Protein chains: 2
Amino acid sequence: MPVPEPGGAAAPTPGRRRMPKQRRSRELVERILTAAGELFAERGYAEVNTNLVAARAGVSVGSLYQFFADKDAILTALQEQWTIRLGAALDERLRDALDAEPAELIDEVLDIHAALNEDPPGLLGFLLSSSTSPPAAPGVVEAIRSRLVQRLEVLAPAMPPERRETAASVIVHISNGLYAVGRSAGATDTAVRAEVRRALLSYVRTLRDDT
Amino acid sequence: MPVPEPGGAAAPTPGRRRMPKQRRSRELVERILTAAGELFAERGYAEVNTNLVAARAGVSVGSLYQFFADKDAILTALQEQWTIRLGAALDERLRDALDAEPAELIDEVLDIHAALNEDPPGLLGFLLSSSTSPPAAPGVVEAIRSRLVQRLEVLAPAMPPERRETAASVIVHISNGLYAVGRSAGATDTAVRAEVRRALLSYVRTLRDDT
DNA sequence: CTATTATCCGAGCAATAACTCGCATTTGAC
DNA sequence: GTCAAATGCGAGTTATTGCTCGGATAATAG
C-alpha cells in the first residue's frame, strides 16, 4: 500500500488520488480531462472505457489511475471544472444586467449555452442532461439554478421561497431542451433555440405577473 | 443452428428471437417484461443485468434468451408496449375533447402521466427521459409528439408545419420535467407538477396567439 | 553528483455480465 | 398412449473492462 499522501497535500476531491505537483503531471491531468470530455460528449459515459480515455490523451492507464481513483472520478472532476466555468460565464455576462428585462437575460443565457457547448462540441449538453446516469451530478445544473433563484428574488419578490426553488428547476429544465430535443426534419438548431426561447419567455413572464 | 423459424411465424420485432406459440411462453414473455420494467425503473438500464431480470421474473436465463436476442431487445419490446399503451390512453381520454381549452387538455395529459407512471412506479418517466442511453428510442416520446402535432393543427392553423413539429417536441420536453426535475426541499411532486403545468400553459397560449 | 521524491509505463489480473449449449420436461395433435 | 414440436433449464464459455503492480525514467533538493 503506497502511503496515502507521502509528503504532499491531501486529495481535494474524494475521487482524486494524488495531487499533481509538477507541471508535467498537471498537464497530464488536463489532457485526460480534455480527452474524457470529448469522448463522453461523442459516445456517452457508458460507451467510454478508461483505456480509451488514456489512449486519446496520449497517456498510459497507469498514469491515469495515479491521479484518478476510478472512472467516476474523471466525470466528477469534469463536472467540477464545468460548474466553475459555467458559473463564471454567467456571473461575468449578467453582472451589470441587474435590472434587465427577462427577454434580454434569456438571450444572454442562450448565447452562453451556445458558446460553451462549442469548445468540446456537445459536452455542456452532456453534462447538463445526462445528470442521472452514473453518479448523481448536482454540480453543473446547480451552477445555473442557484443563480436563477437569486434572479427570481428580484423578479418576483412576493413569491414564496420554496416556489422559487421549484420554478428555477423548471427553468433550467426547459433550457435543457436545447440539448434534449431531437433534431430532425424541421427541427434545426436555430428552430429549437427559437422555440425554447419562446417557452422560457412566456413562463418567466408568468412568474413575474403571478403574485 | 436451430432453423430460423421452424414452422412458425417470423419474428416481428428485430430483436425478437422466436414468437411464443403457447400460452405458457406468452406468460413467460410477459413476466420478463414486467420484471425488466420494474428493474429499469428502479436502477436504470446500465445497472440491470439479464441474470437479474430472469431471476426476478422467475425464469432461467436460457428461457429469456429464447425469446429475446439480447438485452437491448428487452428494452425495445418495453418501449413498443408502452408506446401503444400511452397512445391508447391519450386517444381515449382526448377523443371527445376536440375543441377543449388548452388548460383542460393539459390537465388531462398530466393526469394520464401521473396514472401511468404508477403501475410500475417510475417506468414511464424512465422510458420518456432516458431515451438516449442504450438504443435510440423514438418510440414513447413519439407517441405523444405525433398527437400533439395534430392538436397544434387545430390550435394554431396558421403556423408553418415545420414549426409545429419543433413546438410539439418542446412541449413534450417540458412535460418530461415531471420526471427530470429533481425532488428536494420545496420541490415536491405536487409543486413540480404545478410549475410544469404553468410552463406548459403559458407556452401553449403563446403558440395560439402567435400567427 | 547523489538521493529522494514524483512521474510514467503497459502487460496482466480479476470481476462482471452477456450469451450459448446440450439435455430434460411439457404440450398438443393423432 | 406416442411422437414431434415447443418450451424450459442453468452451469459454463467468452469477451470486455476497470484497475493493479513492479519497475523504469525524470525532476528537484542538498
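All residue numbers refer to position in the chain's written sequence, counted from 1. Labels follow written order: the first chain is A, the first ligand is 1, and so on. Since the coordinates come from a predicted model, pLDDT governs what is reported: local features require at least 70, and pairs of side-chain atoms require 80 or more to be given and counted, while whole-chain, interface and lining totals use all residues.

Under an unreviewed UniProt entry, chain A has the name TetR/AcrR family transcriptional regulator and belongs to Saccharopolyspora cebuensis.

Can you explain the UniProt feature "DNA-binding region" (unreviewed entry) in chain A? Please cite residues and give values.
UniProt positions are given in the numbering used here, feature names are shortened, and annotations may be inferred rather than shown by experiment. Under the UniProt annotation, "DNA-binding region" (unreviewed entry) lies at residues 49–68 of chain A. A run of H or I in DSSP becomes a helix once it reaches four residues, and a run of E becomes a strand once it reaches two; helices and strands are each numbered from the N terminus. Helix makes up 75% of residues 49–68 of chain A and strand 0%, and the two end C-alpha atoms of the span are 14 Å apart.

Outline the UniProt feature "domain: HTH tetR-type" (unreviewed entry) in chain A, supporting the account with residue identities and numerical values.
In this structure's numbering, the residues bearing the UniProt feature "domain: HTH tetR-type" (unreviewed entry) are residues 26–86 of chain A. In residues 26–86 of chain A, the share of helix is 80% and the share of strand is 0%. The end C-alpha atoms are 22 Å apart.

Account for the protein's contact with DNA strand D, with residues named and values stated.
For each residue, a C-beta atom is positioned from the backbone; the residue is called near a molecule or strand if that atom sits within 6 Å of it. Asn49(A), Asp70(A), Lys21(B), Ser60(B) and Gly62(B) are the nearest of the 26 residues found near DNA strand D. Counting residues per element, the ones that place at least two in the surface near DNA strand D are helix H2 (50–57) and helix H3 (61–67) of chain A together with helix H1 (23–43) and helix H3 (61–67) of chain B. Here the element with the most residues in the surface near DNA strand D is H3(B); it accounts for four residues.

Outline the relation of the copies chain A and chain B, supporting the account with residue identities and numerical values.
To superpose the copies, least squares is applied to the C-alpha atoms of every residue with a pLDDT of at least 70 in both. Its rotation angle being 180°, the transformation that places chain A on chain B also includes 0.0 Å of axial translation and leaves an RMSD of 0.1 Å. What the rotation and shift describe, once combined, is the action of a two-fold rotation axis. Any pair of residues counts as being in contact when their C-beta atoms, constructed from backbone geometry, are within 7 Å of one another. A share of 100% of the interface residues of chain A reappears at the interface of chain B, consistent with the copies meeting face to face through the same patch.

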